[in-house]
Every structure is written in C-alpha cells, then in structure tokens.
Amino acid sequence: MTMNLAATDLSKTPTAKESPVKIACTDVNLWYGDKHALKGITLDLKQNEVTALIGPSGCGKSTFLRCLNRMNDQIKGVRIEGSIMMGETDLLDPKLDVVNLRTHVGMVFQKPNPFPKSIYDNISYAPLMHGLVKKGSECDDLVEDSIKKAGLWDEVADRLDASGTGLSGGQQQRLCIARAIAVQPEVLLMDEPASALDPISTATIEDLIQELSDSYTIAIVTHNLQQAARVAGYTAFFYMGDLIEYDNTGQIFTNPGQKRTEDYITGRYG
Amino acid sequence: MDMTAEMTPERRAELDARVQRKLKKRYRAAKRFHFYCVGSLVLAISFLAFFFTDMISKGHSAFQQAHVQVDVDYAEKNLRFTKRAIAEDMHDIVSRGWLRDLRRVKKENPELVGTKAVAWALADDEVDQYLKGNKDLTGDDNTVEQKALAARIDALKADGKIKMKFNVGFFTNGDSKIPEMSGLWSAMVGSILVMVLTLLFSFPIGVMTAIYLEEFAPDNRLTQLIEININNLAAVPSILFGLLGLAIFINFFGVPRSSALAGGLTLGLMTLPVIIISTRAALRAVPDTIRQAAYGMGCTEWRTVRDHVLPLSMPGILTGTIIGIAQAMGETAPLLIIGMMAYIPEAPEGFLQAATVLPAQIFTWAGMPERAYVERTAAGILVLMSVLILMNASAVLLRKKFERRW
Amino acid sequence: MTTGQLLLLFAACLLLLAGTAYVIGRRRAEGIKAGGTFMNSQPGQYGQFAATWTAVPAIVAAFVGWVATLFGAEIISGKLIIAAAVAAAVVGLVWAVRQVDPELRARLGVERVITAALITASMVSILTTLGILLSIIFESIRFFGMVDFMHFVTGTEWNPDAAPEGSEELITKGFGSLPLFAGTFLITGIAMTVALPIGLLSAIYMSEYASPSVRSVSKPLLEILAGIPTVVYGFFAAITIAPIIVAVADKVGLQASYQAALAPGLVMGIMIIPFISSLSDDVINSVPESMRDGSLALGMTKSETIRHILIPAALPGIISATLLGVSRALGETMIVVMAAGLRPNLTWNPLEAVTTVTVRIVDALTGDQAFGTPETLAAFSLGLVLFVVTLILNIVSVSMVRRFKQQYA
C-alpha cells in the first residue's frame, strides 16, 4: 500500500541512515502521582539523526523528552521506572550526576528563554561555570563558534554586548540553541522549538536543525506534522502515554502500520 | 584545547574531566547557599519566637497581684486619715492607693463604718515585685530597712497572709502613678473610641473612593493623579500624619488636643489608603460578566455597583478594613504628636475629652522608672498583641470563608 | 450649647427635613402616576431626588458657615449656622417638590449627585497629601524665616537651647541638621544590613526550596513580624536588646551605650524583614519558569540558577523592595524614640548613642514649648525633608516594580 495519506510534503524528508544507537530507552514508565503518563516506552534514538516525537496534546511526548535530561526531577511526585542507556550509563540511575548529564544532553525550549544578560554572557555563562573554557580568547572562540553554528553570527557579530532579550523571537531561539551547543553536548533535545515563532523564523530554525544533525543527535517534539516530515529522519507517534509507532519518517507518513497513526496523520484527531 | 574541533572520544574525556574538576566545589557552594537560605528563615522565625518568649516571661506576672491580709478598723475617724485604720507595721506593705480608697468605704459600704474586720488589701508594688522575684531586697546592696521588710514579707507569706490573686485592677483601673493601682481600662476605652471614629471616617470615604476609581472614573490625568497619590500616601511615614493632625485639625480647625476626635481623624486619614487599595482589589475581583448581566437587565451604573458588585466584594472589603484598623490600633507615633500620651486616670466619656490609647499607654509605662511598670508594659503589650492577632486572624478566616474563585 | 449638641440638633433637623422631602416627593409622583401618566422614573426615585435637594444645600450652608467661623467671622454663632442651614433645606425642599413632573429625569439627577459624592470622597486623599504638604511647608517657611537655610543643611551642631532667643537676625547656631541625618542613616544602614540578606534569603528559601506546607506556615509567621506595633518593638529594643548589646560589648572589651544605635537598628531590621521578603518573594515568583528551566538544562545547580539567573532577573524588584524598606526605616519613629538617644552625635560607631530626625520631631512637639518657636517649627522642616526623601524613594520604587512586571507580562 503506497499512498500519500496527508497533504504532507515528503520531498524534503531526510533519508533515514543506518546509524548506531545513541540512546536506548527500554520500558520507560512514568507516573505523576497516580497518573500513569508514560506506559512502557521502548525506543532507540539513532546517532546524528533527528527523531521527531509527535502526537496529540497530553500524549506524553514532552514528558518523555524531559526524561532524557532528567528535567522531570524538578517536579514533585514524579516516579520513573525502566532504563535509558546512553553508552554504558543509565540516565535514570538516581545516583547519576544530573549536572554532568546535562553537559552531555542539551535542551531548547518552546518559548525562547534567553537570560537577561548580554548575548556574549548568555553563551559563555554555562561553559565558564562548568570550567570547559577559561575566560579570554578560549572563551571568545567558543562563543563565536557556537553563534556561528547556530547561524546567528552575521546578525549579532557587532553587538555581542547587547542584551539577549532585545533580539527578535527567532534570533532569541537561535541564541538559545547556540547557548545549548556551547556546552559541547552530544544530544540536543528540542521541545517544540519553533511553535512560538513566525513562519520565516521557523524555516530558519528547521534548516538549522538539519545542519546540526550532522554533529548532534537530536530529539524534537513537535505538534506540526509538516515540520516533522521536513526535519526528521525518524518519527515516533505517542498517544495517551503509549508509543504507538516508531519508524523512519517516510514510512510513518506514507504507510503507517497502525490505524491510530493513520488517523492522526490524516487529521482525524489531534 | 580547540573548542571548535570535532567531538572525539579523547576530547569528550577531556571535557568531562574539566567538568568533574569543578563539580565538587560547585556542589559545596550549592549546599552552602541552601544552608544560608534555611538559616535566614530560621533566624527570622526565631526572632519572633524570642520576642514572644521575652514578652510573655516579662509580662505574665502582671496578671497576678500580691494581696495581703490586714485587720482594718473602720472607725469613723480612721476613714479620714486611713493610715490609722491598719497596724503601723503594715504601712509599707499595703498599697498607698488601697489605703486612699478606704475613704470611699463610707459612701459605698456605710454598714462597715465603726466595725473591725479582716480584709485582703492590695499589696505595695515593692512587696509585689519582691514576691515575684523581680526585685531583690536581701542582697548586699540593700539597706537594713529593706532587709527587714523582706523578712516581714517572708513571715507573712509563711503565715499565709500574703496571696497572689488574679489582677482584676489591671483591666478595670485607669492609669495611675501608683504602680500597683495602674490598669488599662482608660486606654482600652480610648482605643475603642478612636477606632470607632477611624472606622466611621475612613470606611465610607475609602469605599467611595475605591468605587469611583474602579467603576466610574474616566482614565484621565486626574484619575492617574489620585491613584499615584494614594499609593504614595500608603507609604508616607506615619509621623507625618501626626504633623498634619497637629497643624490642620488641632491648630487650624480647633479640634481639642489629645481628644479621641483628633486621634480618630488622624488615624482615619492614615487608614484611608489601606482601605482604598484593598477595596479596589476586591472590586476588581468581581468579573465583568456580573456587571454586563446587570446592565442587560436595565440597571444603571450606580445600581449595578450598589446591588451586585458591592455585595459580592464585601468580604474582601471587610478583610482589608479589619487589617487597616488593626494597623491603626497599633499606631503610636502620630498620636504622640497630637498629644495622646497624656496621663489619663479616668476613662474618657466623650469624643472631645482627652484620651489615651493602648499603644500610647504602653509607651508611657515604658518610660516609668519603677520596676513594677516593666511587667505592666509587657502585659499591656501581650493584651495589645492578642487583640491584633485576633483581628488579623478573623480577617484571614473571613477571606478563607468567603473566598470565591471566578 | 456645646459643639456636640449643636451637631446633634443639626443632624436631627436634617434627617427630619430630608425624610419629609422624600415622602412628599414620592406622594406627588405617585399621585401623578395614579392619573395614568407615564413617568420617566420610579416614584421612590423622585423621593430620593427631593431628599437630596433638601440635604445637600443644608450641608453646604452649614459647612460654609463653619469655615467662616474658623476664619474669624465671630458674629456667626452656631445657632445662626443651623438656622441658615435649615432655611437652605426648606428652599431646596420646596423647589425640588415643585420640580416633580413626568418629564423630570429624577433617576439621572440622583445618579449625578451620587457620582459627585464619589468624586468628593476621592478628593479626600488628594486633600490629605495637600494637607501634609501645606502644613509642613508653611511652618517650614516660617522656620527658614528665623533660621539660616545653609546652616540648617550644613551645620553640624543641633542644640536648639543654645540658639539665641528673640534676636532679629537669622539664627546660624544650634540648628545644624547633619548629625540628625547622620544618625538616621546610621540606624537605617544597620536595619538594612539585617533586613536585606535575611529577608531576601528567606524569600528565596520559601519560593525555591521550601515544600508547600513549610511555605504555608512560615509565610504568615513572617507576616506577624510586620504586624507587631512599633511601640512594642521600641520597648523590646530598649528593655531586652540594648542590655544584651551592652553585655556582649563588655565581654569583648568594648564600651557600648544603653542607647547604642545598634539596638534600634537591629530591631528595625527585624521589623523590615517581612517587607523585603514578601516583595522579593513576589518578584522571584514572577520570573518565568522558563528561565529556571533554561539554566537547569544547561547543567547549572539550583543555587547557581538562583544566584546567577533568578536574582539578576528579579533585581529591579529586589532594589525596589530595598528602597521601600529604606523609606520605612527613615520614617520609623517609635523604635528610635524609645531605644535611641536624644543627644545629636556625629559618629559611625554603632555602639554609641545617636539621635534621629524622627526623635527630634517628637521631642520638639511633645514638650511644653509654645508653638511657633524655632524649635517646634524645626520639627516641621525636618518633616518636610523626611516627606520629600520618602516620596522620592516610593516613586522610584513603584516605577521600578512596574517596569519589571511589564518585562515579564
């Protein structure tokens, strides 16, 4: 059966490569108090690939994303079971040092959240605190490189001392991406990174995500199916805390194995 | 290290090592900071605990007062020079004030005149303080007379002729220069008079102002001026309200100095911003749908406010008012300026008579040299604090009970 | 008759006349309505209309008469005022009753009067500020007619008793306010040194670390500190804290006065803790959650997030809370009256006794001096300075908070 289920343009969809597994999640369960929010999620994130997490609101896709850098630790009453292995390390191990984990796994949020500091300080803050670089030329180089990788250099090169909050929404989000890469992570988590942006900024961010996937393993939560189709090599469909289907993006969009996936993609609910 | 290079296992290891190197120190700093935060809160709350323990330990003894059993000869002639009515060795043990009041026996209990009886007399403050352990009479610094007095007190106590009784006079007497006779009555009456006036003055004006600003006022310069003005008024040091009361109410309008009226007007102005601000918040909490429904039924603006918005916001308004009045009740500085720290032995009977209030009475007693006034000051503070805590608690309860989520 | 009796008589007349007006107005309207004519408003509203037009002229007349007596029109007696007021009421009554007519928009009239009353009430707060300003400005002008301004501002000796009496020339001795302000700032400085760190760190603990139950207990407990009357703090400072300070200073070989600036300063600091903590708590909570997430996701510890991200983000609010605290401390009176000294003293040593602006205001106005001497007038000049300084602090503080709130709105 080969049919284009939705009006989704798959021409840009990256071809899924046979990459090694970067993060292996096995039977991840999560409860908020009594609410069973993630039900036995098993999923492998491939190295240097973009994996899109899609599904209707409240399906657990963001919750799952936040498990990967333990941001759920912030919330009281959360219980997680299962294992998330990155190399030899179980990310769910309660003895794991989350500060160290988060230098390996960076995150970009839905709403751009630059700190009320200068553009330079926004980028250099974490690397300096972690002791990755020393103040001076080493730090300057890192800031420049990170901003360049985030495709923001041409716009801010002459005003690194200006406040990060003074940038436009799209620029702010790219600043946040630059801030995340400056810590030298291997994995980037993106929680609906373009949902608060205008279409042009969204396109810029999407191009950026594609570029970054050469050097980083990326997991992106999105409610925009077209966006998933445009940027992600792999797509996982979540529904009511279950992982319904996980496959390469082309397969999910043209030939879903599950009825519910098909319904969602064709817009029967969402 | 080249920070722009590709990630290799060696580079990763070096980066991890750098993070690890600083990590211990950072966690220590985090712990330290957490400790400072907990410590600050604990410190602030232990100030509170220390304060209350201190006041209770200083003030609780004032609720008891020493009484001494004496033989009284109510002979006619003794009632003029009442010292003769009791044995001479009791003169420095029985209160001067109690002896003075013996004169009233003729009027109040004429059947006692000419008889002899045993009575429990109020003890002198020195005796009282000695028994409570507040004053040393037997130490090396004390005179021979004091030591002898202490011996007599101890003997009387051993005989059961001295007893501690509940200090009724503390609540029923006015101020007095005789410590054991002084009480809070006139200050309590004064506080009630002043608070009634404060309420009468600030509540209607405050609520009306709030209604105008929230429901009627156009958004123009004048309205903005009134708003800024109210916010500033809420933060003006209270002593300046005293200057206003002195210059305007007393010197210009001729309101009698020290009177409850002067106090009520001054504190009324001071309470006004508190009531306005809380009333506005309460009015704002009523959703616009209520107003639109009332307009839809043909209510005019004023009827809408009077019949629908105001009743719904009443709990909030009353909560704010109680808090404002409680604040005014503890206020002293402006009242000093308008003379409300006068010596008032009798409770005032009208709004124009000289009056004093609880905090002013506390201030006056705090300045008295006798040891007995220290415990009375602390006890007065306990009474004032109880009233204030009661008022604030009722405000909180009122808010909880009628709190409505729209 | 006494003023009280006069007032009672006036109120009784007013009530009677207004009541009569209401009844007549209503009857008349009902009469017309019974005749089948369509009326613009309800009969009761005509009654209210008549009553309003009876009461308002009377009150205005009485008020005008009373103000006239204040300005020295002695021929006007209390009875005369009441008679004039009653006359005005009767005129109003007759006019209003005659106006009752189907065409009359009585309801609109009543609403207008109510709006006017509301506006009048709003003017009271403006008049209060004006009253404060005028009273202190007029007396200050009188004061500076007697005392040299430059001497007041720059002089280092405050000793009104030493000032020459009855001289025609400007006084240039004894009214130097510098030591008073130095004392005020010293005590304020001590208070803020206590209140700022404790208040801010408590607020951080309550908003960032504490569990909801700890928060729900500790917040009201801190609020109690703000509810304790200042006279109580004064007693606490003088009777409990000052002796402790003297004893401790003695132990470490220092000489402390029983009126040492440290005692009122410390206690004032305790009093200001809840102001700082509740305002800081408020601003820290209004820093968006995404700011915390952003920092934590970069691998920052909680304390680093608070110290490097939250506090700088909330800084305008924290500064504003501090300014409000300073404004409180500068104007605080009872604590310093009871626990600080009376003698002006130009020193930075917190163990010495100093006096403050507010102490001298109270001292000047509670003594037996005749009103109008340079000493009592000086109180008003000091009050003027206090007013201006606290006003500026408040305005700056409010505008900072507003800008902060807009930033994260």
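Just so we're clear, the structure is a prediction, and the values are computed from it rather than from any experiment. (Residues numbered from 1 in each chain as written. Chains lettered and ligands numbered in written order. Predicted model: local features only at pLDDT ≥ 70, side-chain atom pairs only at ≥ 80, totals over all residues. Heavy atoms only, no water.)

(A) Spatial organisation of the overall build of chain B. Summing up its helical and strand segments, chain B has 15 helices and three strands in all. Taken against the 2.2 N^0.38 rule, which gives 22 Å for 406 residues, the C-alpha radius of gyration of chain B at 31 Å runs more than 25% over that of a compact globule. C-alpha extents for chain B along the principal axes are approximately 105 × 75 × 40 Å. The 406 residues of chain B split such that 50% are buried. (Helix = DSSP H or I, 4+ residues; strand = E, 2+ residues; numbered from the N terminus. Rg over C-alpha atoms; globule rule 2.2 N^0.38 Å. Buried < 20%, exposed > 50% of the residue type's maximum accessible area, 1.4 Å probe, protein only.)

(B) Region of the structure containing helix 7 (residues 199-212) of chain A. Residue and element names in this part refer to chain A. An ideal rise of 1.5 Å per residue puts 20 Å on 14 residues; helix 7 measures up with 20 Å between its terminal C-alpha atoms. Regarding helix 7, the residues found buried are Ser-201, Thr-202, Ile-205, Glu-206, Leu-208, Ile-209 and Leu-212. Down the axis of helix 7, the smallest arc covering the buried residues is 160°, so these residues share one side. Across helix 7 from its buried face, at more than 90 degrees, point the exposed residues Pro-199, Ile-200 and Glu-211. Buried residues belonging to helix 7 abut strand 3 (50-54), helix 4 (137-149), helix 6 (169-182), strand 7 (187-191), strand 8 (217-221) and helix 8 (225-231). (Expected span 1.5 Å × (residues − 1). Arc of directions from axis to C-beta. Contact = heavy atoms within 4.5 Å.)

(C) How the structure looks around the pattern of salt bridges. For the structure shown, the criterion picks out 36 salt bridges over all chains. The partner of Arg-12 of chain B in a salt bridge is Glu-186 of chain A, and the shortest N-O contact between them spans 2.9 Å. A residue pair is termed interchain when its members come from two chains, as with Arg-12 of chain B in helix 1 (residues 9-59) and Glu-186 of chain A in the loop between helix 6 and strand 7. Lys-219 of chain C serves as the salt-bridge partner of Asp-281 of chain C, at 2.7 Å between the closest nitrogen and oxygen. With a gap of 62 residues between them, Asp-281 of chain C in helix 9 (residues 262-286) and Lys-219 of chain C in helix 7 (residues 212-227) connect regions that are remote in the sequence. Judged by relative accessible area, which is 1%, Asp-281 of chain C ranks as buried. Given a relative accessible area of 27%, Lys-219 of chain C falls into the partly exposed group. Because the salt bridges share partners, they merge into one network encompassing Lys-22 and Glu-186 of chain A together with Arg-12 and Asp-16 of chain B. (Salt bridge = Lys/Arg side-chain N within 4 Å of Asp/Glu carboxyl O.)

(D) Examining the sheet that holds strand 2 (residues 35-46) of chain A more closely. Residue and element names in this part refer to chain A. Reading across from one edge, 2-1-4-5 is the order of the four strands in this open sheet, with antiparallel pairing throughout. Strands at the two margins of the open sheet, each flanked by one partner only, are strand 2 and strand 5 (89-90). Bridging between strand 1 (residues 21-32) and strand 4 (residues 78-86) involves eight bridges; their strand directions are antiparallel. Residue pairing for strand 4: Asn-29 is matched across the bridge by Glu-81. (Pairing = 2+ DSSP bridges.)

(E) Focus on the interface of chain C and chain A. On the side of chain A, 21 residues touch chain C, which itself brings 16 residues to the contact. Taken together, the two surfaces of chain C and chain A that pack against each other cover about 1700 Å², and 67% of this comes from carbon and sulfur. At the boundary of chain C and chain A, one finds one salt bridge. Between Arg-66 of chain A and Asp-293 of chain C there is a salt bridge, with its nearest N and O atoms 3.7 Å apart. Our enumeration of links across chain C and chain A arrives at five residue pairs in polar contact (both at pLDDT 80 or more). Put simply, the parts of the chain that give the side of chain C that touches chain A at least two residues each are helix 10 (289-297) and helix 11 (302-331) of chain C. Broken down by element, the side of chain C that touches chain A gets its largest block of residues, seven residues, from helix 10 of chain C. Residue composition of the side of chain C that touches chain A, grouped by class: eight nonpolar, six polar and two charged. (Buried area = accessible area lost by both parts, 1.4 Å probe. Polar contact = N/O pair within 3.5 Å; in protein donor to acceptor, adjacent residues only side chain to side chain. Nonpolar A, V, L, I, M, F, W, Y, C, P; charged D, E, K, R; others polar.)

(F) Quick peek at the confidence of the model for chain B. Residues and elements named next belong to chain B. Overall, the prediction assigns chain B a mean pLDDT of 89, with 99% of residues at 70 or greater. In the model of chain B, helix 3 (residues 105-108) stands out as the element of lowest mean pLDDT, 80, in contrast to helix 14 (residues 358-366), which has the highest, 94. Prediction confidence for the complex, expressed as pTM and ipTM, is 0.88 and 0.91 respectively. (pLDDT = per-residue confidence, 0-100.)

(G) Structural view of the domain arrangement of chain B. What the domain assignment reports for chain B is domain 1 (1-32), domain 2 (64-166) and domain 3 (185-402). For domain 1 of chain B and domain 2 of chain B, the distance between their C-alpha centroids amounts to 83 Å. (Domains from an automatic or database assignment.)

(H) Main features of unusual backbone geometry. Residues and elements named next belong to chain A. Of note in this structure, Asp-27 is not a glycine but carries a positive phi near 50°. In this fold, Asp-27 is placed in strand 1. Of note in the backbone geometry, Gln-184 takes a positive phi value of approximately 65° without being a glycine. Examined against the element boundaries, Gln-184 turns out to sit in the loop between helix 6 and strand 7.

(I) Highlighting the pairing of strand 1 (residues 64-73) of chain B. All names here are of chain B. Bridging between strand 1 and strand 3 (residues 162-166) involves five bridges; their strand directions are antiparallel. Bridge pairing in strand 3 places Ala-66 opposite Met-164. One ladder, built from seven bridges, connects strand 1 with strand 2 (residues 116-122); its direction is antiparallel. For His-67, the partnering residue across the bridge sits in strand 2 and is Leu-122.

(J) Inspection of the sheet that holds strand 10 (residues 242-248) of chain A at higher detail. Residue and element names in this part refer to chain A. With mixed pairing, the six strands of this open sheet are ordered in space as 6-7-8-3-9-10. Two strands in the sheet have a free side with no partner beyond their single neighbour: strand 6 (105-108) and strand 10. Looking at each pair of strands side by side, their axes are set apart by 15° on average, direction ignored. When strand 3 meets strand 8, the two strands line up parallel, connected through four bridges. What sits directly across from Leu-53, in strand 8, is Val-221. Where helix 6 meets the sheet, it contacts strand 6 and strand 7, and its direction lies at approximately 170° from that of strand 6. (Axes fitted to C-alpha atoms, helices over the stretch in contact; angles between N-to-C directions.)

(K) Main features of the packing of helix 1 of chain B against helix 6 (residues 178-209) of chain C. Interhelical geometry of helix 1 of chain B versus helix 6 of chain C gives an angle of 115° and a closest axis separation of 8 Å. In terms of their interaxial angle, helix 1 of chain B and helix 6 of chain C are classed as roughly perpendicular. The handedness of the crossing between helix 1 of chain B and helix 6 of chain C is left-handed. On helix 6 of chain C, the residues touching Phe-33, His-34, Tyr-36, Cys-37, Val-38, Ser-40, Leu-41, Leu-43, Ala-44 and Phe-47 of chain B of helix 1 of chain B are Pro-197, Ile-198, Leu-201, Ser-202, Ile-204, Tyr-205, Met-206 and Tyr-209 of chain C. Considered class by class, the residues forming the contact of helix 1 of chain B with helix 6 of chain C number 15 nonpolar, three polar and no charged. (Parallel < 35°, antiparallel > 145°, perpendicular 65-115°, else oblique. Left-handed = near helix turned anticlockwise from the far one by under 90°.)

(L) Spotlight on the packing of aromatic side chains. Applying the stated criterion across every chain yields a total of 27 aromatic pairs over all chains. Note on Phe-115 of chain A and Tyr-125 of chain A: the rings are 6.0 Å apart at their centroids and 85° apart in plane angle, and the pair reads as edge-to-face. Residue Phe-115 of chain A is found in the loop between strand 6 and helix 3 (119-130), and its partner Tyr-125 of chain A is found in helix 3; the two are separated by ten residues along the sequence. Accessibility expressed as a relative area gives 8% for Tyr-125 of chain A, which makes it buried. Through successive ring pairs, a cluster of aromatic residues spans Phe-63, Phe-166, Phe-170, Phe-171, Trp-365 and Tyr-373 of chain B. For Arg-179 of chain A, the ring lying beneath its charged end belongs to Phe-115 of chain A, and the centroid distance is 4.2 Å. Stacked on the ring of Tyr-343 of chain B, the Lys or Arg Lys-177 of chain B has its end atom at 4.1 Å from the ring centre. (Phe/Tyr/Trp six-rings, centres within 6.5 Å; stacked < 30°, edge-to-face > 60°. Lys NZ or Arg CZ within 6 Å of the ring centre and 35° of its normal.)

(M) Just the interface of chain C and chain B, in detail. If you look at the interface, chain C gives 78 residues, while chain B gives 74 residues. The contact between chain C and chain B buries some 6600 Å² in all, and 80% of this surface belongs to carbon and sulfur atoms. Joining chain C to chain B, the criterion identifies one salt bridge. The shortest N-O distance in the salt bridge between Glu-304 of chain C and Arg-26 of chain B comes to 2.7 Å. On inspection of chain C and its partner chain B, the count reaches nine residue pairs in polar contact (both at pLDDT 80 or more). Class assignment for the residues of the side of chain C that touches chain B results in 50 nonpolar, 23 polar and five charged.

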